[in-house]
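# Observations on the three-dimensional arrangement
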Amino acid sequence: MNRWLGHAAVKPALFLLCLLPAAWLLWAAVNDQLGANPAEALIRSLGDWTLRFLVVVLAVTPLRVTTGLSVLARWRRMLGLFVFLYACLHLLAYAWFDQGLVFAAVVDDVIKRPFIFVGMLAWVLLLVMASTSFNAAIRTIGAKRWQLIHRVVYVIAGLAVLHFLWMRSGKNDYAEVAVYAAILGSLLAWRAWRWLQGSRLSSRS
């Protein structure tokens, strides 16, 4: 399986697959297929895809460890950049359709509405991760500092769920939020368990 997944054609195919949601949403927007409120549908859908890609990224390491598919590690950086891409599109759609691309209006909304503030904070942290996701950055920062910076993804996961929770609180609709919270919570709990296991082994040796 590692050999098959490591084929040169797999990563480009995965890249194109990750672009499909954005391509479909663009087609739907151009062809008026987003329902009665297309602006809201576009903003929400891009936010949903950001969360989905975040789940996928955080699932890479558990899958790699439990299945032995080491090749999955090759895709993690690319998938992480897709999280940032969809977060940027989500932010752009909000700034454009909700605030008319008026910077002062966006800043005012960030200050006034907690769920917008949390979402913006998550985006800023994603920006830091994306800007340091290249080999040159790793060499400049150093591997240990780079790893420390990229652990902020766990904070981003919490902020993303909180952003989604507060956004849905107006409609008192928490079912989908609970699903994402459970999945992301499980992925983070797995990492915490692995860390505790490692700490116990280190203390015994």
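Use the structure listed above.
What comes next concerns the included structure.

### Details of the packing of helix 2 (residues 10–30) against helix 4 (residues 73–98)
Put simply, helix 2 and helix 4 touch, their axes get as near as 11 Å, and they point 15 degrees apart. Regarding the angle of helix 2 to helix 4, the classification is roughly parallel. For the pair helix 2 and helix 4, the crossing hand works out as right-handed. Contact residues: Val10, Lys11, Leu14, Phe15, Cys18, Leu19, Leu20, Pro21 and Ala22 in helix 2; Arg74, Trp75, Met78, Leu79, Phe82, Leu85, Tyr86 and Leu89 in helix 4. Within the contact of helix 2 with helix 4, the residues separate by chemical class into 15 nonpolar, no polar and two charged.

### Concerning the packing of helix 4 against helix 6 (residues 114–131)
It is the contact of helix 4 with helix 6, at a shortest axis distance of 10 Å, that shows an interaxial angle of 140 degrees. Judged on the interaxial angle alone, helix 6 and helix 4 are oblique. When you trace helix 4 past helix 6, the crossing you get is left-handed. In this structure, helix 4 contributes Leu81, Val83, Phe84, Ala87, Cys88, Leu91 and Tyr94 to the contact, and helix 6 contributes Ile116, Met120, Trp123, Leu126, Leu127 and Ala130. A breakdown of the residues in the contact of helix 4 with helix 6 according to their chemical character gives 13 nonpolar, no polar and no charged.

Rules used throughout
- Residues numbered from 1 in each chain as written.
- Predicted model: local features only at pLDDT ≥ 70, side-chain atom pairs only at ≥ 80, totals over all residues.
- Heavy atoms only, no water.
- Axes fitted to C-alpha atoms, helices over the stretch in contact; angles between N-to-C directions.
- Helix = DSSP H or I, 4+ residues; strand = E, 2+ residues; numbered from the N terminus.
- Parallel < 35°, antiparallel > 145°, perpendicular 65-115°, else oblique.
- Left-handed = near helix turned anticlockwise from the far one by under 90°.
- Contact = heavy atoms within 4.5 Å.
- Nonpolar A, V, L, I, M, F, W, Y, C, P; charged D, E, K, R; others polar.

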